[in-house]
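Observations on the model geometry
So the chains spell out like this:
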Amino acid sequence: MATTSKKNSVIIESMEVQDEYHALICVWILRTLLNSDPAFKGFFQKKRGFMDSDLLEFLQLSDENESDLRVSEVRTAFRSMLSSYEKQISASTMLFINIGLMAGRINLTVMQQQILAMVVLKDRYNPLEKCIENLHTPSESHLYAGMANMMDVDVQSISKAMAGKAALRASGLVKLEENFGSGLDIGPMDGLYEALMAENANEQELLSHFLVPAKAATLAADDYPHVRDDLDLLQGILTASLKQQEKGVNILLYGTPGSGKTELARL
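Residues numbered from 1 in each chain as written. Predicted model: local features only at pLDDT ≥ 70, side-chain atom pairs only at ≥ 80, totals over all residues. Heavy atoms only, no water.

1. A closer look at the confidence of the model for the chain
Detail in the predicted coordinates should be disregarded across regions flagged by low pLDDT. Averaged over all residues, the pLDDT of the chain is 88; the fraction at 70 or higher stands at 93%. Per-element averaging of pLDDT across the chain places strand E1 (residues 2-4) at the bottom with 43 and helix H9 (residues 155-161) at the top with 97. (pLDDT = per-residue confidence, 0-100. Helix = DSSP H or I, 4+ residues; strand = E, 2+ residues; numbered from the N terminus.)

2. Let's talk about the nonpolar core
Counting 63 residues, the largest nonpolar core has Leu59, Phe78, Ile115 and Leu116 as its most contacted members. Beyond its immediate sequence surroundings of up to four residues, Phe78 is in contact with Leu30, Leu33, Leu34, Phe40, Phe43 and Leu61. (Core = buried A, V, L, I, M, F, W, Y, C linked by side-chain atoms within 4.5 Å. Buried < 20%, exposed > 50% of the residue type's maximum accessible area, 1.4 Å probe, protein only. Contact = heavy atoms within 4.5 Å.)

3. Considerations on the pattern of salt bridges
The final tally for this structure, using the stated rule, is twelve salt bridges. Between Glu73 and Arg70 there is a salt bridge, with its nearest N and O atoms 3.9 Å apart. Glu73 gets classed as buried once you look at its relative accessible area, which sits at 6%. On the basis of relative accessible area, Arg70 is assigned to the partly exposed category, the value being 40%. A salt bridge links Glu263 to Arg266; its shortest N-O distance comes to 3.0 Å. (Salt bridge = Lys/Arg side-chain N within 4 Å of Asp/Glu carboxyl O.)

4. Some thoughts on helix H6 (residues 110-122)
With 13 residues, H6 extends 18 Å from end C-alpha to end C-alpha; this agrees with the ideal 18 Å at 1.5 Å per step. Among the 13 residues of H6, ten are classified as buried, and the element is accordingly described as predominantly covered. Restricting attention to buried positions, one finds in H6 the residues Met111, Gln112, Ile115, Leu116, Ala117, Met118, Val119, Val120, Leu121 and Lys122. (Expected span 1.5 Å × (residues − 1).)

5. Side note on the packing of helix H1 (residues 22-35) against helix H7 (residues 126-133)
Each packed pair of helices is defined by two parameters, the angle between the axes and the distance between the axes. With their axes 10 Å apart at the nearest point, H1 and H7 run at an angle of 20° to one another. Of the possible angle classes, the one that applies to H1 and H7 is roughly parallel. In this structure, the crossing between H1 and H7 has a hand that is left-handed. Of the residues in H7, those touching H1 at Ile25, Trp28, Ile29, Thr32 and Leu33 are Pro127, Leu128 and Cys131. Across the contact of H1 with H7, the residue classes break down as seven nonpolar, one polar and no charged. (Axes fitted to C-alpha atoms, helices over the stretch in contact; angles between N-to-C directions. Parallel < 35°, antiparallel > 145°, perpendicular 65-115°, else oblique. Left-handed = near helix turned anticlockwise from the far one by under 90°. Nonpolar A, V, L, I, M, F, W, Y, C, P; charged D, E, K, R; others polar.)

This is the structure:
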């Protein structure tokens, strides 16, 4: 496939999807290149040609006659490629299945799920990471604008999804960090890639990558008749806390060794 002009052409060597995430990553990269002048100039410059051989190979472009190409020709080719890759995106991959499982537990919005997928894949696909680095994002507003262009949404949607108190960041799944040379960057929780790329039968199996289930209690409420009133009060406090999703609710259990404190906590 090729996009041609009267004098030169941008040669697209193939449009083969290399793996199940290749088309999606190409879409993100192409949107970024088309909507960000810094990112575009970091990849292609008039009379100098393509500046990043890894990205060139990932997008499956040829560097033939690259120094004679015009910016308009490259942009035309990118728009054609973008349209083709958008039709090949698959949402039924292991990553999105697992993100869906996680979303049910911590109430991630659709926008937050898309951001999480991007962050996880960026951490493992070097062409996507380098493309984002070329955006040069010294502040959150610059970073969110770049993410909005990449995902083809308004920047307010990104800002809302990335708010400090919103589930995505409050849970620690993603974090903002300084990246020397390119400004503010976004990264995933340690171990997140391995957990979301693994085959998990259900939500509990996914969460087992991060949490160890507590042992079940061996005693029942009837085994604590001497603290019945305290237990009723405790259950009321915890029920209300769970319902209102309150944070920092602490209960102190005290007593002599062997009196059943640990079993009561499990109960």
